[in-house]
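# Topology and contacts: notes
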Amino acid sequence: MGDRWQVEVDRGVCIGSGMCLNHAPQRFRLDTARQSHPAAPESDADEQILAAAEGCPVEAITLTLVASGEVVFPPEE
Ligand code: SF4
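Notes on the structure in this doc start here. (Residues numbered from 1 in each chain as written. Predicted model: local features only at pLDDT ≥ 70, side-chain atom pairs only at ≥ 80, totals over all residues.)

### A short note on the overall build of the protein
Defined as follows: A run of H or I in DSSP counts as a helix once it spans at least four residues, and a run of E counts as a strand once it spans at least two, with each numbered from the N terminus. Here the globule rule reads 2.2 Å times residues to the power 0.38, and the radius of gyration is calculated from C-alpha atoms. The exposure label follows from counting other C-beta atoms within 10 Å of a residue's C-beta, where the C-beta atoms are placed from the backbone and the thresholds are 20 or more for buried and 12 or fewer for exposed, leaving partly exposed in between. Residue pairs are scored as contacts if the distance between their C-beta atoms, which are placed from the backbone, is within 7 Å.
When its secondary structure is counted, the protein shows two helices and six strands. Taken from the N to the C terminus, the helices and strands of the protein come in the order β-α-β-β-β-α-β-β. Relative to the compact-globule value of 11 Å for 77 residues, the protein shows a C-alpha radius of gyration of 11 Å, a close match. Expressed as a percentage of the 77 residues in the protein, the buried residues total 23%. Across the protein, every contact between residues at least 6 apart in sequence was considered, and the portion connecting residues at least 24 apart equals 58%.

This is the structure in structure tokens:
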């Protein structure tokens, strides 16, 4: 891959299910309010992070290419 992704969690949408931590335990943290945060705002493109974004029940996780701003996830309708 070789891309860099910006990883964002919309905290107005996150319901604290913890699914993203199951998929990518090194990449997300739950705070005391059970809101998910990326462990780092940018990351190398990573299948675990993509799986976390795909597995989020409310699509709270957005992945964007740092270089171009192109959205990696969620896919455009
Ligand atoms: S999977 Fe989605 S809803 Fe669940 S904690 Fe992670 S970001 Fe929040």
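Let's pick the thread back up.
### Regarding the pairing of strand β5 (residues 61-65)
Our working rule: Only strands that DSSP links by at least two bridges are regarded as paired with each other.
Across five bridges, strand β1 (residues 4-9) lies against β5 in antiparallel orientation. Looking at the pairing, V7 lines up with L63 of β5. Summarising the sheet, β5 and strand β6 (residues 71-73) pair through two bridges and their orientation is antiparallel. The partner of T64 across the bridge, within β6, is V71. Hairpin geometry of β5 and β6 is characterised by an intervening segment of five residues between the two adjacent antiparallel strands and by a positive phi of about 80° at G69.

### Describing the nonpolar core
What counts, and what does not: Nonpolar cores are identified as sets of buried Ala, Val, Leu, Ile, Met, Phe, Trp, Tyr and Cys residues joined via C-beta atoms within 7 Å.
Core analysis: the largest hydrophobic core is formed by 15 residues, its most contacted members being C20, I49, A52, A53, C56, I61 and L63. Excluding residues within four positions of it along the chain, C20 makes contact with F28, S36, A52, G55, C56 and I61.

### Considerations on the environment of V13
The topology assignment puts V13 in the loop between β1 and α1 (19-23). By C-beta crowding, V13 is classed as exposed, having 12 other C-beta atoms within 10 Å. Residues V13 and V58 lie 45 residues apart in sequence; the distance between their C-alpha atoms is 6.8 Å. For V13, the residues in contact, after removing those within four places along its chain, are V58 and A60.

### Some words on the site of the ligand
To keep it simple, the criterion reads: Any residue whose C-beta atom, as placed from the backbone, lies within 6 Å of a molecule or strand is termed near it. Gly falls in the polar group here, along with every residue not listed as nonpolar (Ala, Val, Leu, Ile, Met, Phe, Trp, Tyr, Cys, Pro) or charged (Asp, Glu, Lys, Arg).
Close to the ligand lie 14 residues; C14, S17, M19, C20 and C56 are nearest. Classifying every residue of the shell around the ligand gives ten nonpolar, four polar and no charged.

### Focus on unusual backbone geometry
Here the residue pair F73 and P74 is connected by a cis peptide bond, since its omega of 0° sits within 30 degrees of zero. Looking at where P74 falls in the secondary structure, it is placed in the segment after β6. With a phi angle near 55°, R34 is a residue other than glycine that sits in the positive phi range. Given 11 C-beta atoms within 10 Å, R34 falls into the exposed group. The backbone of E59 shows a phi angle near 50°, a positive value even though the residue is not glycine. Positionally, E59 belongs in the loop between α2 (47-55) and β5.

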